[in-house]
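The primary structure of each chain is shown beneath.
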Amino acid sequence: MLKDKMEKAINDQIKWEVYSSYLYLSMSAYFESVSLKGFASWMRIQFMEELTHAKRFYDFVIARGGRVILTEIMAPPADWDSPQAVFEETLKHEQHVTSRINDLVDLAQELKDHATNSFLQWFVDEQVEEEESVDEVLQSLKLNENNPGGLFMIDKELAQRAFVAPADVTL
Ligand code: FEO
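The text that follows walks through the structure, step by step, so that each part is easy to find. (Residues numbered from 1 in each chain as written. Predicted model: local features only at pLDDT ≥ 70, side-chain atom pairs only at ≥ 80, totals over all residues. Heavy atoms only, no water.)

Let's talk about a negative patch on the surface
In step 1: A surface patch of like charges, here negative, comprises D125, E129, E132, E136 and E157.
In step 2: Take the negative patch: its biggest share by element is 4 residues, from helix α4 (residues 114–143).
In step 3: Structurally, E129 can be placed in helix α4. (Patch = residues over 30% accessible without salt bridge, like charges linked within 9 Å, V, L, I, M, F, W, Y side chains within 5 Å. Areas by Shrake-Rupley, 256 points an atom, 1.4 Å probe, with all protein chains shown as cover. Salt bridge = Lys/Arg side-chain N within 4 Å of Asp/Glu carboxyl O. Lys, Arg positive; Asp, Glu negative; His and termini not counted. Charge placed at Lys NZ, Arg CZ, Asp CG, Glu CD. Helix = DSSP H or I, 4+ residues; strand = E, 2+ residues; numbered from the N terminus.)

Printed below as a string of structure tokens:
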């Protein structure tokens, strides 16, 4: 059984994961509006991944006999100055999510909730990957800042990303 404090913190995280998906879908729409189809596709996959994160937390609350309470999701921004600005915001956002996951781990340990602590380790690892992949794109964008041909190449590269549905989560 989840303790109230832990349940409330995970419910709050479900909201953040859904907000992440909403933010990335908005970024995808921005990229569609400036005809960068590869970037748009990459962000759409990011949107799907975030939904699986939200669902992972959702399923965990249910599995532990808790109660999922969904709350209001704020509106994401709609416009950015450049692809680089989008990825700077994405990196900042993922770093924020990482610190939230770390806070959840701290809370699970403080409450001696070993099951939640174990469950959260998947997210600890996932955040390392998330930050790394976003930073990789950001660095490519910085290297090609004054090179429209480079932007076109990055767009082609990002179009290759495919969504891989996790075997243990269904939407
Ligand atoms: Fe669900 Fe991108 O962290």
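Resuming the write-up.
Here's the deal with the side chain of E130
In step 1: Positionally, E130 belongs in helix α4.
In step 2: No salt bridge is formed by the buried E130. Its closest oppositely charged neighbour is R161, at 5.3 Å. (Buried < 20%, exposed > 50% of the residue type's maximum accessible area, 1.4 Å probe, protein only.)

Digging into the packing of helix α2 (residues 37–63) against α4
In step 1: At a closest axis distance of 12 Å, the pairing of α2 and α4 adopts a crossing angle of 170 degrees. With respect to α4, the axis of α2 lies roughly antiparallel. Residue-level contacts link F39, W42, Q46, E49, E50, H53, R56, F57 and F60 of α2 to A115, T116, F119, L120, W122, F123, E126, E130, S133, V134, V137 and L141 of α4.
In step 2: Looking at side-chain class alone, the contact of α2 with α4 contains 12 nonpolar, 4 polar and 5 charged residues. (Axes fitted to C-alpha atoms, helices over the stretch in contact; angles between N-to-C directions. Parallel < 35°, antiparallel > 145°, perpendicular 65-115°, else oblique. Contact = heavy atoms within 4.5 Å. Nonpolar A, V, L, I, M, F, W, Y, C, P; charged D, E, K, R; others polar.)

A short note on the environment of L25
In step 1: When you line up the elements, L25 lands in helix α1 (residues 4–33).
In step 2: Distance from L25 to K92, taken between C-alpha atoms, is 17 Å for residues 67 residues apart in sequence.
In step 3: When neighbours within four sequence positions are excluded, L25 is seen to be in contact with R44 and F47.

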